[in-house]
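# Survey of secondary and tertiary structure
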Amino acid sequence: MIRYENLESVNSLEIKAFHLNLDGWLKNELFTWEWWVLVAFFILPWILWAILADKTKLLEKYQIKIH
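Figured I'd write up the structure that's included with this text. (Residues numbered from 1 in each chain as written. Predicted model: local features only at pLDDT ≥ 70, side-chain atom pairs only at ≥ 80, totals over all residues. Heavy atoms only, no water.)

## Quick look at the overall build of the chain
Note the following rule: We count a stretch as a helix when DSSP gives it H or I for four or more residues in a row; a strand needs E for two or more, and each element gets its number in order from the N terminus. Relative accessibility decides the category of a residue: with a 1.4 Å probe and only protein chains considered, values under 20% of the type maximum give buried, values over 50% give exposed, and everything between is partly exposed. Areas reported here follow the Shrake-Rupley algorithm with a probe of radius 1.4 Å; residue values treat only the protein chains shown as occluding.
Regarding its fold elements, the chain presents 3 helices and 0 strands. Ordered by position in the sequence, the α and β elements of the chain form the string α-α-α. Residue burial in the chain is summarised as follows: out of 67 residues, 3% are buried. Entry remark: accessible area of the chain is about 6900 Å², with carbon and sulfur atoms responsible for 69%.

Right under this line is the structure:
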């Protein structure tokens, strides 16, 4: 019986630690300027590639013909 009670207390402490970590992340890291910089570094190269890539060469390489 003591072992079961210890497991319950450990489980409740793990849940509390998880929620503290999540709350800290939501309040201190999410949507900060550093977070937005990382999002921009992830998305901007794809946008630039879509704008600057020569679509005809890509289509020729994969032999896709658009009429």
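Okay, back to it.
## Considerations on helix α2 (residues 33-52)
Applicable threshold: In this analysis, the expected span of each helix is defined as 1.5 Å times one less than the number of residues it contains. Bend is computed residue by residue as the angle between axes fitted to the seven residues ending at the residue and the seven residues starting at it.
In a regular helix each residue adds 1.5 Å, so 20 residues correspond to 28 Å; α2 covers 27 Å between its end C-alpha atoms and thus fits that length. A maximum bend of about 30 degrees is found in α2 at isoleucine 43, where proline proline 45 lies one to four positions downstream.

## Points about unusual backbone geometry
A positive phi angle, close to 65 degrees, is found at phenylalanine 31, a residue other than glycine. Inspection of the secondary structure puts phenylalanine 31 in the loop between α1 (2-28) and α2.

## Points about the packing of aromatic side chains
Short version of the rule: Between rings of Phe, Tyr and Trp, where Trp is taken as its six-membered ring, a pair exists when centres lie within 6.5 Å; planes separated by under 30 degrees are stacked, by over 60 edge-to-face, and by other angles tilted.
Tallied over the entire structure, the rule returns 3 aromatic pairs. An angle of 85 degrees between the planes, with centres 4.8 Å apart, marks the rings of tryptophan 35 and tryptophan 36 as edge-to-face. A network of ring pairs unites the aromatic residues Phe31, Trp35 and Trp36 as a single cluster.

## So, a nonpolar patch on the surface
Definition in use: Residues qualify for a patch when their relative accessible area is over 30% and they have no salt bridge, like charges being joined within 9 Å and the nonpolar side chains of Val, Leu, Ile, Met, Phe, Trp and Tyr within 5 Å. Salt bridges are defined as contacts in which a side-chain nitrogen from Lys or Arg sits within 4 Å of a carboxyl oxygen from Asp or Glu.
A grouping of Phe42, Ile43, Leu44, Trp46, Ile47, Leu48, Trp49, Ile51 and Leu52 is seen on the molecular surface, where their side chains present a nonpolar patch of about 1000 Å² in accessible area. Of note, tryptophan 49 is situated in helix α2.

Distances and angles like these do not, on their own, reveal function.
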